[in-house]
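# Examination of the molecular architecture
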Amino acid sequence: MPPIFEITHKDIAGRIGRLETPHGIVETPTVMPVVNPNIQTIKPSELREFGAEILITNSYIIYRKPELRERALREGLHSLLGFDGPVMTDSGSFQLSVYGEVEVNNTQIIQFQKDIGSDICVPLDIPTPPDVSRNRAESELSVTMERLEEAAGLKGSSLLAAPIQGSTYPDLREDAARKLSGMDFDVYPIGAVVPLMESYRYSDLVDVIVASKKGLSPAAPVHLFGAGHPMMFSLAVALGCDLFDSASYALYAKDGRYMTSRGTHHIEDLQYLPCSCPVCTSYDSNEIIKSENREELLARHNLYVTFAEMREIKQAIREGSLWELVEQRCRSHPKLMDGLRRALRFTEWLLQFDPLTKSTFFYSGPESALRTEVVGYGKKLRNFTFKGKVLIREKHLENEGNYDHVLGFKAPFGPYPVELSETYPFHAEVVKEPDYESLTIALQNVLELMKLNPNAEFTFVCDVEHPLISKIAGFQQ
Ligand code: GUN
Ligand code: ZN
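Below is a short write-up of the structure. (Residues numbered from 1 in each chain as written. Chains lettered and ligands numbered in written order. Predicted model: local features only at pLDDT ≥ 70, side-chain atom pairs only at ≥ 80, totals over all residues. Heavy atoms only, no water.)

## Here's the deal with the pairing of strand β12 (residues 257-260)
Spelled out, the test is: The criterion for strand pairing is that DSSP finds at least two bridges linking the strands in question. Comment: elements are numbered from the N terminus, with helices defined as DSSP H or I runs of at least four residues and strands as E runs of at least two.
Where β12 lies against strand β13 (residues 263-266), four bridges are found, and the strand directions are antiparallel. Bridging across to β13, Y258 finds its partner in H265. The hairpin turn running from β12 into β13, its antiparallel successor, is two residues long.

## Observations regarding the sheet that holds strand β17 (residues 456-461)
For clarity, the threshold we go by: Axes here refer to lines fitted to C-alpha atoms; in helices the fit is confined to the stretch in contact. Angles between the N-to-C directions go from 0 to 180 degrees. In this analysis, two residues are considered to be in contact whenever any of their non-hydrogen atoms come within 4.5 Å of each other.
The strand order across the open sheet formed by four strands is β16-β15-β14-β17, and the pairing between neighbours is mixed. The two strands at the open ends of the sheet, each matched to only one other strand, are β16 (414-417) and β17. Shown here is a sheet whose adjacent strand axes are inclined to one another by a mean of 30°, direction ignored. Where strand β14 (residues 388-393) meets strand β15 (residues 405-410), four bridges bridge the pair, whose relative direction is parallel. Bridged to R393 within β15 is G408. Contacts from helix α20 (residues 436-452) reach β14, β15, β16 and β17 within the one sheet, and its direction differs from that of β15 by about 160°.

## Overview of the packing of helix α11 (residues 230-238) against helix α16 (residues 322-330)
Using the following cut-off: Oblique is the label for every angle not falling under 35 degrees (roughly parallel), over 145 degrees (roughly antiparallel), or within 65 to 115 degrees (roughly perpendicular). Here a crossing is called left-handed whenever its near helix is offset anticlockwise from the far helix by less than a right angle, and right-handed whenever the offset is clockwise.
Following both chains from N to C, one finds α11 and α16 inclined at 140°, their axes separated by 9 Å at the closest point. As far as their axial angle goes, α16 and α11 are oblique. Taken as a pair, α11 and α16 cross one another with a handedness that is left-handed. Within the contact between the two elements, α11 uses M231, S234, L235, V237 and A238 and α16 uses L322, L325, V326, R329 and C330.

## Thoughts on the environment of R178
For the record, the criterion: In this scheme, a residue with accessible area under 20% of its type's maximum is buried, one over 50% is exposed, and one in between is partly exposed, where area comes from a 1.4 Å probe on protein chains only.
Structurally, the position occupied by R178 is in helix α8 (residues 170-181). Exposure remark for R178: the relative accessible area of 43% places this residue in the partly exposed category. Sequence spacing of R178 and G215 is 37 residues, and the spatial spacing of their C-alpha atoms is 4.2 Å. The residues contacting R178, other than those within four sequence positions of it, are K214 and G215.

## Description of the sheet that holds strand β9 (residues 188-190)
Taken together, the eight strands give an open sheet; going across it, the order is β8-β7-β6-β5-β4-β11-β10-β9, and neighbouring strands pair in parallel fashion. Because the sheet does not close on itself, it has two edges, and the strands there are β8 (159-160) and β9. Relative to strand β11 (residues 243-246), strand β4 (residues 30-35) runs parallel, the two being bridged by four bridges. Counted as the bridge partner of M32 is D245 from β11.

## Here we look at the pattern of salt bridges
We count it as follows: A side-chain nitrogen of Lys or Arg and a carboxyl oxygen of Asp or Glu constitute a salt bridge if their distance falls within 4 Å.
The final tally for this structure, using the stated rule, is 31 salt bridges. D207 is paired through a salt bridge with R342; the nearest N and O atoms lie 2.5 Å apart. Of the two residues, D207 sits in helix α10 (residues 202-215) while R342 sits in helix α17 (residues 334-343), which places them 135 residues apart along the sequence. Take R342: its relative accessible area is 17%, and that puts it in the buried class. Salt bridges sharing common partners tie together D11, E324, D354, K358, R371 and E373.

## Some points on the side chain of R329
Under the convention used in this document: Polar contact is defined as a pair of N or O atoms within 3.5 Å, subject to the rule that within protein one atom must be able to donate a hydrogen and the other to accept it, and that residues adjacent in sequence are counted only when both atoms are side-chain atoms.
Locating R329 in the fold gives a position in helix α16. Separated by 2.8 Å, the side chains of R329 and E309 make a polar contact. R329 has contacts with M231, S234, S261, E309, E312 and L336, leaving out every residue within four places of it along the chain.

Below is the structure:
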């Protein structure tokens with residue numbers, strides 16, 4: 001049997017993939033718009049025009065309402081929604097986390113999802129919130145794990161999702177992911193992260209994503225449950241998330257909020273619309289504010305920008321510029337920058353996924369100095385051995401013939417073989433005046449090379465000011 005998820009392109013730990021479901025193939029990364037079976041501002045059949053390939057709805061809402069339940073059982077979920085593409089169903093776990101109880105058990109809701117023809121079924125996991133006691137996180141996780149085992153035993157022709165819980169305990173997340181990875185599941189949602197995203201705790205979110213990913217097979221499709229703001233998609237994709245679901249487009253619209261890939265504005269605060277979607281080219285902000293369809297217009301715009309951002313991310317993966325995109329997006333909010341900086345603590349882990357070569361490396365600030373390519377090169381440099389006279393120079397010199405080896409110098413990489421100066425990553429577009437972080441890494445690499453080659457005689461020629469220069473001078477004596 002061919003794999004249900006096939007990865008076709010990669011960048012950092014992000015990937016473009018093909019997920020096969022009973023109602024067709026979905027290209028990831030993608031967002032699943034959340035469809036409420038009761039109220040639909042935008043009809044599911046119309047969602048395809050925005051770029052939606054798969055929807056998500058809540059099976060518990062259908063189950064609880066007799067007329068919806070009867071119709072879904074009689075005609076099937078796809079006919080109920082009026083959408084013939086793939087549909088994922090959630091289980092009522094969210095209601096469980098809000099109201100403390102639901103009128104259904106795990107096997108009943110899984111059976112119901114299968115009976116109505118869901119493409120991806122979700123068991124009744126317990127979404128343990130962030131920051132609870134270790135005891136509570138462990139005991140709720142063990143209930144979740146029992147229910148997931150039970151679900152695996154009921155598997156039919158639908159795909160089955162295994163939500164990863166464990167609150168803000170990275171070891172619990174990683175252990176849960178590792179156990180579930182060995183079982184018969186198709187999709188791995190990372191659960192109970194909505195409170196982290198609502199309070200902009202992006203560094204904690206990064207910890208949760210990385211811990212979960214560490215326990216999973218890299219071949220497994222990963223869903224970030226409840227993530228729907230376009231400004232954080234690129235960071236999550238870079239860490240290996242493939243599926244997102246968004247009720248935000250509609251919830252934000254209800255509140256008069258206008259999404260962009262850099263953040264959210266209240267429509268009342270916008271004098272100009274920074275978007276060229278069909279809504280924003282047909283109306284100005286005043287017309288949207290005054291329109292009786294304000295909510296629908298905003299929901300439409302929010303969906304357009306959500307899918308535009310996904311296309312931008314996929315293009316970045318194809319051309320190997322995902323780091324550049326992540327850095328740009330994370331500059332739009334300090335909390336997102338915290339998320340990026342936390343992610344950069346895991347660069348060594350990311351290295352195993354990052355392609356060996358890409359087209360470009362645009363230096364955009366101190367965070368670029370911590371990219372996979374720089375850390376990876378720093379490790380490689382430790383294997384270089386030299387004897388005799390070694391010149392490390394920033395610019396070409398007249399007297400290079402007097403040396404046994406000539407190395408270039410470029411921050412943030414430091415010393416590198418001159419013959420590779422036109423190849424990735426040394427052909428990086430960098431700033432003329434390197435920042436302190438970039439220079440520190442580059443100069444540390446110079447020092448490291450000198451320490452590792454005590455029998456070589458180094459000459460370093462470079463016009464920079466930095467505290468490490470005197471240390472390097474010390475080595476040259
Ligand atoms: N929706 C948002 N978070 C969660 C979660 O942790 N579990 C389930 N089943 N649905 C969710
Ligand atoms: Zn727009």
